[in-house]
Amino acid sequence: MKVIHLISGGDTGGAKTHVHSLLNGLSRELEVALVCFRDGPFAEEARQLGIRTLVFPGRFFAALGEVEALIRSEGFELIHSHGSRGNLAGALLARRTRLPVVSTVHSDWKLDYLGRPLAAMSYGVLNAWALRQIKYHIGVSDAMRALLIERGFRRNDTFAIYNGIDFTRAIPGTDRAAFYKRVGARVSPGDVVVGAAARLDPVKDLATLVRAVAKARESRPGIRLIIAGEGPERPRLTELAAELGMADSLTLCGWLDDMDEFYGSVDVNALTSISETFPYAITEGAAHRLPTVSTRVGGIPKLITDGETGFLAEPGDFETLGARIAELAASGERRRALGEALFERASREYSIDVTCREQVAVYEQILEREARSGKAGVLICGAYGMGNAGDEAILDALVAEMRGIDPLMPVSVLSRDPRGAEARLDVETAHTFNIPRVLSLMRRRALYINGGGSLIQDVTSRRSLWYYLFTLRAAKARGCRVMMYGCGIGPVTRESGVERTRRTLNENVDVITLREPDSVAELARFGVTKPEIILAADPALTLPPAPESEVDALLERAGIAPGTRCAGFALRPWPGFEEKRAAFLDCAEYVYRALGLTPVFIPINHKSDAAVGEALAAELPSDLPRAALSGPLGSPLAIGVMKRMEIVVSMRLHGLIFAAGQGTPVVGVSYDPKVTAFLRCIDGECAGLEDVTADALRALCERAAARRADGEALEASVAALRALEGRNTAAAAKLLGKEV
């Protein structure tokens, strides 16, 4: 792989560190070249690191022609730009060379020229234009990637790669007294020195740091502040320190060549920016095991957990920052503990090796997509966005399994609630019935997945069956491989529906994975023989529950104290339910009086089930607890609630799947063959809705409670189903050409 990097060549601070560190690491396994549009310390330091560095210092457009000739003559495959001039060059070269271009966005470009209106109107405007012309973007934190997406950059074409440094190198010793003397800092024995490495720029808000140190000095006068950096804010900071009576305690030492010496001479690392991505000042301080006080901006909270690996405060909150600095100044042991905790996390998660590995993966992903003319990734369609926790669980599992195949693969989802799916899963979305958008996504995706559940049925609506069959045909016509994933089949009650299903599946579907044997038999009855048919299991079986603390908090809001033994009821309005209402009420009372379990009504589909649960809870005898959960419940929380139950009585298939997947014995009330089929797979207790009586439910609950004491059989059957579920992922990976 041959990659050419473009940058102005006058960069300092984090951008310089990032490019030098990245290319130094990448050059060990790729052919990389660095192009600068001016000579100077940046280019010279790159050469000293062994990075192939080329300087084109002439007029910009003449230099651009030379770079284009270099790209063509040496066969570079990808252009990577940094900064405003690099981005402008990358955008123009993308048109000339037809090569893919990716830009690393190091900071919020709208704030880069804060306080410099002429620069903002020239360089800032050109940079904003160039970024829009470049197809792929890398934010140096999740927060920066989120900002790019918020500003309209395509979600599937943006990536997050955190800045990493070399934590394995030996840190040289420092003569602190000599350093203080050289920079003019007045530091006495026993003083605690706070350090900040940053441009003296409004966006860095170093005035807040000066105020914070002044606040801390009210209780700890032996605190000194040294700031390494240069910029237009120097006069203001000097004046502010004088106003606050700490002129002798602030040292502005300008840019330093030896940052190891700087970090080795301070006791606390500080950052007070109003906007950041993921600054090197934090990781470089971590490499020196410095405790850190920072504003809660950008990707910093991913590394610093307040009180565990450092201290965080809101931008501008100098009082909290000051209190934290004073706390650290008071205890050398506290400083050492936080510094070690920060070093341990940073060295594990933010090393340069991790950064380079992730960067290579992004390059490979971009080149793969371009080789396929942009047709890559997966489009997932199903009964999503309708308030059903079971369907959302299928979607959650599907997205997780696709990312298990390839974490960078584009994933798009069709949903009735596209914004909700986008926010929850970080996927590109479209409304289920936005047909032009659906067809556009099909043209760009390599695999279309008809995802989970019983989509091929006409009991709820013939229109539903027609829609899903239409999407299968449309996806195949637009060049997608087509898969039906971990699904159930039927019932299809009309012969015309069976005929349409047979023809559509035989002509358009490559692989069908099914969640139970009954669906295999149903497809055989339909005469579906052309797709590869694989017996698997429901994807939702693989999902983990929410943390116990979240589950307990939800139950407490419903009046259930932690540790209370409970029985769950997941009921739904369905023809015939009202006739059995008294039997369910009797069962709820029975599990409380005879089995010592508090009945809890759990809505799997909050839009319909919640009202049923609330009504039944209200009808229970007055001496019984009345617990009915409201919704919506996300799939992790619904699964966590089912795990907390001793037994679960459910009409909802995914109520049974959630419970059984967590080892909770179940009683199924079947209104549909799919419920009976699943219970048969796990040897669960079952009664048909039409056969439900109070006595029958009591007996089934007794048997389920007995199984709780000896859960080995249930665990074995669920383990077998989870093993089968892996066939879903394997089949999808094969269709994508990414066998796992």
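Rules and cut-offs
Residues numbered from 1 in each chain as written. Predicted model: local features only at pLDDT ≥ 70, side-chain atom pairs only at ≥ 80, totals over all residues. Heavy atoms only, no water. Core = buried A, V, L, I, M, F, W, Y, C linked by side-chain atoms within 4.5 Å. Buried < 20%, exposed > 50% of the residue type's maximum accessible area, 1.4 Å probe, protein only. Helix = DSSP H or I, 4+ residues; strand = E, 2+ residues; numbered from the N terminus. Contact = heavy atoms within 4.5 Å. Pairing = 2+ DSSP bridges. Axes fitted to C-alpha atoms, helices over the stretch in contact; angles between N-to-C directions. Disulfide = S-S within 2.5 Å. Polar contact = N/O pair within 3.5 Å; in protein donor to acceptor, adjacent residues only side chain to side chain. UniProt positions renumbered as here; feature names shortened; annotations may be inferred. Expected span 1.5 Å × (residues − 1). Parallel < 35°, antiparallel > 145°, perpendicular 65-115°, else oblique. Left-handed = near helix turned anticlockwise from the far one by under 90°. Nonpolar A, V, L, I, M, F, W, Y, C, P; charged D, E, K, R; others polar.

Draft legend 1. Spatial organisation of the nonpolar core. One finds Phe569, Leu571, Val591, Val600 and Phe658 to be the most contacted residues of the largest nonpolar core, which totals 72 residues. If you tally residues by element for this core, the top one is helix H23 (residues 581-593), at seven residues. Setting aside anything within four residues of it in sequence, one finds Phe658 in contact with Ala389, Gly390, Ala393, Ala540, Ile604, Ala638, Ile639 and Met642.

Draft legend 2. Broad picture of the sheet that holds strand E8 (residues 192-197). An order of E10-E9-E8-E11-E12-E13 is seen for the six strands of this open sheet, with the pairing classed as parallel. On the outer flanks of this sheet lie strand E10 (250-252) and strand E13 (311-313), each paired with one strand and no other. Strand-to-strand twist in this sheet, taken as the mean axis angle between neighbours without regard to direction, amounts to 20°. Examined bridge by bridge, E8 and strand E9 (residues 223-228) share six bridges and lie parallel to one another. If you follow Ala196 over to E9, its bridge partner there is Ile227.

Draft legend 3. Focus on the state of the cysteines. Scanning the entire structure with this criterion turns up zero disulfides. Cysteine Cys487 is unpaired, with the sulfur of Cys381 as its nearest cysteine sulfur at 12 Å. With no disulfide of its own, Cys681 has Cys686 as its nearest cysteine by sulfur position, at a separation of 12 Å. Judged by its relative accessible area of 26%, Cys681 falls in the partly exposed class.

Draft legend 4. Region of the structure containing the side chain of Asp609. Examined against the element boundaries, Asp609 turns out to sit in helix H24 (residues 606-619). A relative accessible area of 3% places Asp609 in the buried class. Here the side chain of Asp609 touches Arg652 through a polar contact of 2.9 Å, side chain to side chain. Look past the residues within four positions of Asp609 in its chain and what remains in contact with it is Leu571, Arg572, Pro573, Pro603, Ile604 and Arg652.

Draft legend 5. A look at the UniProt feature "domain: Glycosyl transferase family" (unreviewed entry) in the chain. If you check UniProt for "domain: Glycosyl transferase family" (unreviewed entry), the listed places come out as residues 191-341 in our numbering. With 42% helix and 17% strand, the stretch residues 191-341 has end C-alpha atoms that lie 23 Å from each other.

Draft legend 6. Quick look at unusual backbone geometry. Following Gly490, the chain continues into Pro491 via a peptide bond in cis, with omega recorded as 0°. Within the secondary structure, Pro491 sits in the loop between strand E18 (481-489) and helix H20 (495-508). Even without glycine at this site, Arg98 takes up a positive phi of about 60°. Structurally, Arg98 is set in the loop between helix H4 (83-97) and strand E5 (101-105). Even without being a glycine, Asp205 presents a positive backbone phi close to 45°. Tracing the backbone shows Asp205 in the loop between E8 and helix H8 (206-217).

Draft legend 7. H23, seen in detail. Between its first and last C-alpha atoms H23 spans 19 Å; for 13 residues at 1.5 Å apiece the expected length is 18 Å, and the two agree. Taken together, the buried positions of H23 are Arg581, Ala583, Phe584, Leu585, Cys587, Ala588, Tyr590 and Val591.

Draft legend 8. Structural view of the UniProt feature "domain: Glycosyltransferase subfamily 4-like N-terminal" (unreviewed entry) in the chain. Feature annotation in UniProt places "domain: Glycosyltransferase subfamily 4-like N-terminal" (unreviewed entry) on residues 13-168, given in this structure's numbering. As a span, residues 13-168 carries 50% helix and 17% strand, and end to end its C-alpha atoms are 21 Å apart.

Draft legend 9. Focus on the sheet that holds strand E14 (residues 378-381). Here seven strands make up an open sheet; going across it, the order is E16-E15-E14-E17-E18-E19-E20 and the pairing parallel. Two strands bound the open sheet, and with one partner strand each, they are strand E16 (428-431) and strand E20 (532-535). The mean angle between the axes of side-by-side strands here comes to 20°, regardless of whether they run parallel or antiparallel. Taken together, the four bridges between strand E15 (residues 411-415) and E16 define a ladder with parallel strand orientation. Paired with Ser412 across the strands is Glu428, a residue of E16. Together, E15 and E16 form the strand contacts of helix H17 (residues 418-425), whose direction differs from that of E16 by roughly 165°.

Draft legend 10. Up close: the environment of Lys530. Tracing the sequence through the fold places Lys530 in the loop between helix H21 (517-526) and E20. Looking at Lys530, the relative accessible area reads 62%, which means it is exposed. Sequence spacing of Lys530 and Leu505 is 25 residues, and the spatial spacing of their C-alpha atoms is 7.7 Å.

Draft legend 11. Local environment of the packing of helix H18 (residues 435-444) against helix H19 (residues 462-477). Two elements in contact, H18 and H19, have axes whose closest approach is 10 Å; the angle formed by their N-to-C orientations is 40°. Put simply, H18 runs oblique to H19. In this structure, the crossing between H18 and H19 has a hand that is right-handed. The segment H18 lies against H19, with Ile435, Leu439 and Met442 engaging Tyr467, Phe470, Thr471, Ala474 and Ala475. For the contact of H18 with H19, a count of residues per class yields seven nonpolar, one polar and no charged.

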